[in-house]
Amino acid sequence: MSDRAVTLGQFVLQQERMHPEASGQFTSLLLDVALAAKMINKAVIRAGLVDVLGATGTTNVQGEKVQKLDVFAHETIMRVLGSTGQLAVIASEEDEDIVQVTDGMPIGRYVVNFDPLDGSSNIDANVNIGTIFSILPRLTRTGRGTHEDVLQAGRRQLCAGYVLYGSSTMLVYTTGDGVHGFTYEPSIGEFLLSHPNIKTPKRGRIYSANEGNYAHWSEGVKRYVDWLKCDDAETGRPYSARYVGSLVADFHRNLLYGGIYMYPGDKKNPNGKLRLLYEAAPLAFVAEQAGGAASDGTRRIMDLAPAALHQRTPLFIGSPENVAEAQSFVQEKHAGVTSDRRTR
Ligand code: AHM
Ligand code: MG
């Protein structure tokens, strides 16, 4: 590790010099994402103070309108990215339809899909939440961007990443050349390189799932989770359960420590809960670039071609050996634990 602090801006310029095929336009788009992240971070860290500082109804003491944080995050990203002239179209988890560039504004070559504030159930409890983003090249050639531009398979992504609002705020991204993490230093307003070239362990001893859904899971998923809890010296089981309930937080911890996050389909929701475009595909790009894997149980997430904007997908993501094991259970190729050894 060098003893010089490197800002996100310096780092992306340096990367651009090493990879001249990356255009300056694209670099500044990534910096715009970082700018929106700083604005959202400012709101997130003050969220608990809204009542203390005397908000009345929907207005705070400065007479400003108090918005729900997820709406604020959505509008901030739209405002920052929507006016740069670099985008053809934007899609957000918070918007039912795509958002095209306003009439009269310059139209760019890129598409951004994002989840403005993921982990919504944790917002009011001061628990980690995140922003997830995915940048794609547009497919159509002229005019404003369309659904076709937004609905592209994950492997077409140029850049993807997330911002984690936590004990420190971090921005982690990949452009297909490794995964790099930056920690926000609020006193200078910069993201500083803190985790260059992140590699995830081949196998980890953490599993993250909402086990409250156990009764609705398929036999394969039940057997897999039962198996994770059995004693086995060779694979280091039983594994530890860790579940924040914010995908970005659970994913980030497992990326660093190794392990698997899963949100399988179940009897009620065969495609699970998570969205392919805004959650699964961008994190799959990051996972793979860190040496990990991401699957829907049978297929690679990056190969899934979305048919609808808010399409959901089952997700198994993390260390490659763990994900491969999960797949073999889901596909019923692994017998797992016999019924008398089942934990329930
Ligand atoms: P959200 O986009 O409404 O926040 O939903 C996605 C979140 C993920 O962050 C998290 O992993 C998952 O939903 C938690 O779901 P559950 O509460 O069913 O465990
Ligand atoms: Mg979400």
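First, a word on scope: everything that follows refers to the structure included in this document. All of these numbers come straight from a predicted model, not from anything done at the bench. (Residues numbered from 1 in each chain as written. Chains lettered and ligands numbered in written order. Predicted model: local features only at pLDDT ≥ 70, side-chain atom pairs only at ≥ 80, totals over all residues. Heavy atoms only, no water.)

**Thoughts on the sheet that holds strand E11 (residues 260–263)**
The strands making up a sheet are joined through hydrogen bonds of the backbone, oriented either antiparallel or parallel.
(1) Moving on: Pairing within the open sheet is mixed, and its five strands lie in the order E10-E9-E11-E13-E12. Looking at strand neighbours, the two that pair on one side only are strand E10 (240–241) and strand E12 (293–295), the edges of this open sheet.
(2) Moving on: Bridging between E12 and strand E13 (residues 315–318) involves three bridges; their strand directions are antiparallel. Bridging from a neighbouring strand, Ala-293 pairs with Gly-318 of E13.
(3) Moving on: Strand contacts of helix H6 (residues 219–228): strand E9 (206–208), E11 and E13, with the helix running at about 150° to E11, the strand carrying the most contacts. (Pairing = 2+ DSSP bridges. Helix = DSSP H or I, 4+ residues; strand = E, 2+ residues; numbered from the N terminus. Contact = heavy atoms within 4.5 Å. Axes fitted to C-alpha atoms, helices over the stretch in contact; angles between N-to-C directions.)

**A closer look at the pairing of strand E6 (residues 169–174)**
(1) Moving on: Most of E6 sits inside the fold, with six of its six residues counted as buried.
(2) Moving on: Here E6 shows no split at all, with Thr-169, Leu-171 and Tyr-173 on one side and Met-170, Val-172 and Thr-174 on the other all buried.
(3) Moving on: Note: strand E5 (residues 159–165) against E6, six bridges, orientation antiparallel. Residue pairing in the sheet places Ala-160 in a bridge with Thr-174 of E6.
(4) Moving on: Between E5 and the antiparallel strand that follows it, E6, lie three residues.
(5) Moving on: Across five bridges, E6 lies against strand E7 (residues 179–185) in antiparallel orientation. Counterpart to Leu-171 in the pairing with E7 is Phe-182.
(6) Moving on: Connecting E6 to the next strand, E7, in antiparallel fashion are four residues, including Gly-176 with a positive phi near 95°. (Buried < 20%, exposed > 50% of the residue type's maximum accessible area, 1.4 Å probe, protein only.)

**Topic: the environment of Trp-217**
(1) Moving on: As for its position among the elements, Trp-217 is in the loop between E9 and H6.
(2) Moving on: Taking C-alpha positions, Trp-217 is 10.0 Å from Gly-272, a pair spaced 55 residues apart along the chain.
(3) Moving on: Ignoring sequence-local partners within four residues, the contact set of Trp-217 consists of Ala-209, Asn-210, Glu-211, Lys-222, Val-225, Pro-264, Gly-265 and Asp-266.

**Quick word on the site of ligand 1**
(1) Moving on: Within the structure, ligand 1 sits among 15 residues, and Asp-118, Tyr-243, Leu-247, Tyr-261 and Tyr-263 are positioned closest to it.
(2) Moving on: Taking Asn-210, its side chain carries an N or O atom lying 2.8 Å from an oxygen atom of ligand 1.
(3) Moving on: Separating an oxygen atom of ligand 1 from a side-chain N or O atom of Tyr-261 is a distance of 2.7 Å.
(4) Moving on: Within the complex, the protein chains bury 82% of what would otherwise be the 470 Å² of accessible surface of ligand 1.
(5) Moving on: Put simply, the parts of the chain that give the shell around ligand 1 at least two residues each are strand E3 (110–118) and E11.
(6) Moving on: Across the shell around ligand 1, the residue classes tally to five nonpolar, five polar and five charged.
(7) Moving on: Inspection of the shell around ligand 1 shows a minimum of three residues originating in each of domain 1 (3–195) and domain 2 (206–330). (Near = heavy atom within 4 Å. Polar contact = N/O pair within 3.5 Å; in protein donor to acceptor, adjacent residues only side chain to side chain. Areas by Shrake-Rupley, 256 points an atom, 1.4 Å probe, with all protein chains shown as cover. Nonpolar A, V, L, I, M, F, W, Y, C, P; charged D, E, K, R; others polar. Domains from an automatic or database assignment.)

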